[in-house]
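Survey of secondary and tertiary structure
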Amino acid sequence: MALRLYNSFSGQKEGFKPLVDNQIGIYVCGITAYDDCHLGHARAAVVFDVIIRYLRHRGFKVTHVQNITDIDDKIINRAREKGVSCKELSEHYTGKFHRDMEALGVARPDMEPKATGHIQDIIRLIETLVSKGYAYAAEGNVFFSVEKFPGYGRLSHRSLEEMQAGARVEIDSRKRNPMDFALWKASKPGEPSWESPWGPGRPGWHIECSAMSIRYLGETFDIHGGGQDLIFPHHENEVAQSVAATGKPFVRYFVHNGFVTINGEKMSKSLGNFLTIKEILSGYHPEALRLFLLSKHYRSPLDYSEDLIREKQVSLDRIYTTLSEAMEISATSAPQPDAGISLPPEVEDAYTRIRDLKKLFYEAMDDDFNTAQAMGHVFDAVKGINTLLQISKKGPDQACRAAIGFAVSAIREVGQVLGLFSTDPKSYLEGRRAEKLSKLSLTADQIRDLIHQREEARAKKDWAVADALRKKLAGANIILKDSPQGTTWEIKE
RNA sequence: GGCGGCGUAGCCAAGUGGCCAAGGCAGCGGUCUGCAAAACCGUUAUUCACCGGUUCAAAUCCGGUCGCCGCCUCCA
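Residues numbered from 1 in each chain as written. Chains lettered and ligands numbered in written order. Predicted model: local features only at pLDDT ≥ 70, side-chain atom pairs only at ≥ 80, totals over all residues. Heavy atoms only, no water.

1. So, the protein's contact with RNA strand B
Around RNA strand B, the surrounding shell holds 50 residues, and the nearest of these are Lys74, Trp205, Gly227, Lys266 and Asp482. Of all atoms in RNA strand B that approach within 4 Å of the protein, 61% are sugar or phosphate atoms. Note that a base nitrogen of RNA strand B is positioned 2.9 Å from one of the backbone N or O atoms of Val260. Between RNA strand B and Arg470, the relevant distance is 2.7 Å, taken from a base nitrogen to a side-chain nitrogen or oxygen of the residue. The greatest single-element share of the surface near RNA strand B, amounting to nine residues, is contributed by helix α12 (residues 371-394). Residue composition of the surface near RNA strand B, grouped by class: 14 nonpolar, 18 polar and 18 charged. (Near = heavy atom within 4 Å. Polar contact = N/O pair within 3.5 Å; in protein donor to acceptor, adjacent residues only side chain to side chain. Helix = DSSP H or I, 4+ residues; strand = E, 2+ residues; numbered from the N terminus. Nonpolar A, V, L, I, M, F, W, Y, C, P; charged D, E, K, R; others polar.)

This is how it looks when you write it as structure tokens:
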């Protein structure tokens, strides 16, 4: 089984081979800390979280570096509006970002460098570019000369001529070519600034990623990730700066995740459809959001709607319900390997789904991290467990129990890669019930009382009264489940 | 205007040359149940936007048409 991933450089899937055996350096562009994180950030975070988890699961030693941009125009403007310092503003939003990521179950990167912590690296890199003739100073600014770099446009697959034809960049008389971009920006009075050979100023946006990735991962590293919108100009410029400065290849594989739209429209503040991570998590379980984000291939556009996220929440509930029942029944028997299990022929199909889960899951993930397909296999295994559970309920069956135990451990293993099913099923379901109960007009005690009345009626075979009570509770969104062990209840979504 | 992507059942979605076109949601029929719920079984695309071409063989490759979207400016 070989891992294949889509490389934005070539525009196709390529076999993956790290620079150093079993070691991977990956740099993912992080946030600019000036506002709350939204659904788009969630997708990028979860996608790369799963990619990194999978690479580690496969045995690679992964070094994950993710920057935080804590100085740039947007931060300066927002800080001015709010009357706080840039440092205060960026620290405030960095904190919120960390809380969002934690809620989403996204693992912290190994390193999280900040632009302001690497000013000297940045200045040195710019000096190299100037001395090699790739960059020039003008009125306290330093610009990168795109014409000097022959490979410019290789990543975004466009030529300099094409870009200029449709260019909407404003004319800047200090630039030699309109497509030249700032490595260093002279600071205006009142703006944060650092001393440099070109006077007081601050770094341009793209240079920090070159400087920090080179520092922590080396001049050439394996994977660079980010949202598709970063391909141009951000990553194109990073490549130009880095290759020009080091004379070596910069990134071997560029991986870009697709965009999120909301009800078919691009998310934007002016449209009023800007959804923050916090808002979504106030209504849905974090794993439901993860499940939603992973239900489509990471490179395709993903459309968000209430109906779709609710559907994922229901799917997640269903899986946890199955896991909960499975763990109850298999609790007495340790998970057995598949050898020696002999099952009735009618459940062979179910058992095959369980036995093949891991293999199929890895195959799907190996094919450019196809989480949508991988989830299909998980659902197959869930169905397999449910089939075996039915047999088990009819009478104790050691082989079934062993197979169920095996299936639960397999689902939990692949769940670790996806960041799903990490909660104890019992506590998950209790949590969900408490959540739904809080939105109900009835209390748990009232419900129990009504169920008790119905039990009495049923004992007398007074079906009319029993059905009336069922109906009454159904009206309040309570579904009753009768079983030989008694009546349990659930709340309809 | 330039570049790129997408169009698969009521909805979401995988599949990019060849076994009956995964999986989820919703629907319908059945098993179970006093009735239900859950679960399971069966069923729901002779067809992959449309037209033409290549091939023994195409949802999958090529050309064209229509529709939707993204990027080219800060953006995950």
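Having seen it, we continue.
2. Regarding the sheet that holds strand β12 (residues 265-266)
Sheets are built from strands that pair by backbone hydrogen bonding, the pairs being arranged parallel or antiparallel. The mixed open sheet is built from three strands, whose spatial order is β12-β11-β13. Two strands close off the open sheet at either side, each with one partner strand: β12 and β13 (302-304). As paired strands, strand β11 (residues 260-262) and β12 are joined by two bridges and run antiparallel to one another. Bridge pairing in β12 links Thr261 to Lys266. (Pairing = 2+ DSSP bridges.)

3. Concerning the pairing of strand β2 (residues 12-15)
Two elements, strand β1 (residues 4-7) and β2, share four bridges in a ladder whose sense is antiparallel. Looking at the pairing, Asn7 lines up with Gln12 of β2.

4. Remarks on the side chain of Glu208
Residue position: Glu208 is located in helix α6 (residues 207-217). This buried residue, Glu208, is left without a salt bridge; Arg202 holds the nearest opposite charge, at 9.3 Å. Residue contacts for Glu208: discarding those within four places in its chain leaves Tyr27, Asn67, Ile68, Thr69, Ala115 and Ile122. (Buried < 20%, exposed > 50% of the residue type's maximum accessible area, 1.4 Å probe, protein only. Lys, Arg positive; Asp, Glu negative; His and termini not counted. Salt bridge = Lys/Arg side-chain N within 4 Å of Asp/Glu carboxyl O. Contact = heavy atoms within 4.5 Å.)

5. Some remarks on the packing of helix α1 (residues 39-57) against helix α9 (residues 286-294)
Where α1 contacts α9, the axes come no closer than 10 Å and their chain directions differ by 80 degrees. By the angle between their axes, α1 is roughly perpendicular relative to α9. Contacts between α1 and α9 involve Leu39, Ala42, Arg43, Val46, Asp49, Val50 and Arg53 from the first element and Leu289, Arg290, Leu293 and Leu294 from the second. Among the residues forming the contact of α1 with α9, the class breakdown is seven nonpolar, no polar and four charged. (Axes fitted to C-alpha atoms, helices over the stretch in contact; angles between N-to-C directions. Parallel < 35°, antiparallel > 145°, perpendicular 65-115°, else oblique.)

6. Some details on empty space enclosed by the protein
On inspection of all chains with the given rule, the structure shows two cavities of 30 Å³ or more. Considering only enclosed or pocket space, the largest cavity measures out at about 100 Å³ in volume. Considering the residues around the largest cavity, the lining is formed by 15 residues, among which Gln66, Met101, Val106, Ala107 and Pro109 are closest to the centre. Every element with two or more residues in the lining of the largest cavity is listed here: α1, β4 (61-66) and α3 (86-104). Looking at which element gives the most residues to the lining of the largest cavity, the answer is α1, with four residues. Looking at the lining of the largest cavity residue by residue, the class counts come to nine nonpolar, three polar and three charged. Looking at the second largest cavity, its volume works out to about 50 Å³. Here the element with the most residues in the lining of the second largest cavity is α1; it accounts for three residues. (1 Å grid on protein atoms, 1.4 Å probe; cavity = no way out; pocket = protein on both sides within 12 Å on 5 of 7 lines; lining within 4 Å. Points joined across faces, edges and corners; volume = space filled by probe spheres on them.)

7. Observations regarding the environment of Ile223
Of note, Ile223 is situated in strand β9 (residues 221-227). Between the C-alpha atoms of Ile223 and Phe259, which are 36 residues apart in sequence, the distance is 20 Å. Those residues in contact with Ile223 that sit more than four places away from it in its chain are Leu5, Phe16, Ile24, Gly25, Ile26, Tyr27, Leu55, Val251, Tyr253 and Val255.

8. Focus on the domain arrangement of chain A
On domain assignment, one finds that chain A holds domain 1 (19-278), domain 2 (307-431) and domain 3 (440-491). The C-alpha centroid of domain 2 is placed 41 Å from the C-alpha centroid of domain 1. Contact residues are listed per partner, giving seven residues for domain 1 and ten residues for domain 2. Note on domain 1 versus domain 2: buried area summed over both sides is about 840 Å², and carbon and sulfur give 67% of it. (Domains from an automatic or database assignment. Buried area = accessible area lost by both parts, 1.4 Å probe.)

9. Let's talk about the pattern of salt bridges
Counted by the stated rule, this structure contains 32 salt bridges. Measuring nitrogen to oxygen at the nearest pair gives 2.6 Å for the salt bridge that ties Lys248 to Glu219. Taken together, the residues span a long stretch of sequence, with Lys248 in the loop between α7 (231-246) and β10 (251-257) and Glu219 in the loop between α6 and β9 at a distance of 29 residues. Given the relative accessible area of 41%, Lys248 is considered partly exposed. The closest approach of N and O atoms between Arg355 and Asp356, which form a salt bridge, is 3.2 Å. The partly exposed category is assigned to Arg355, whose relative accessible area is 38%. Salt bridges sharing partners connect three or more residues here, namely Arg454, Glu455, Arg458, Arg470 and Asp482.

10. Observations regarding the environment of Tyr27
Residue position: Tyr27 is located in strand β3 (residues 23-28). Reaching out from Tyr27, the side chain makes a polar contact with the side chain of Asn67 at a distance of 3.5 Å.

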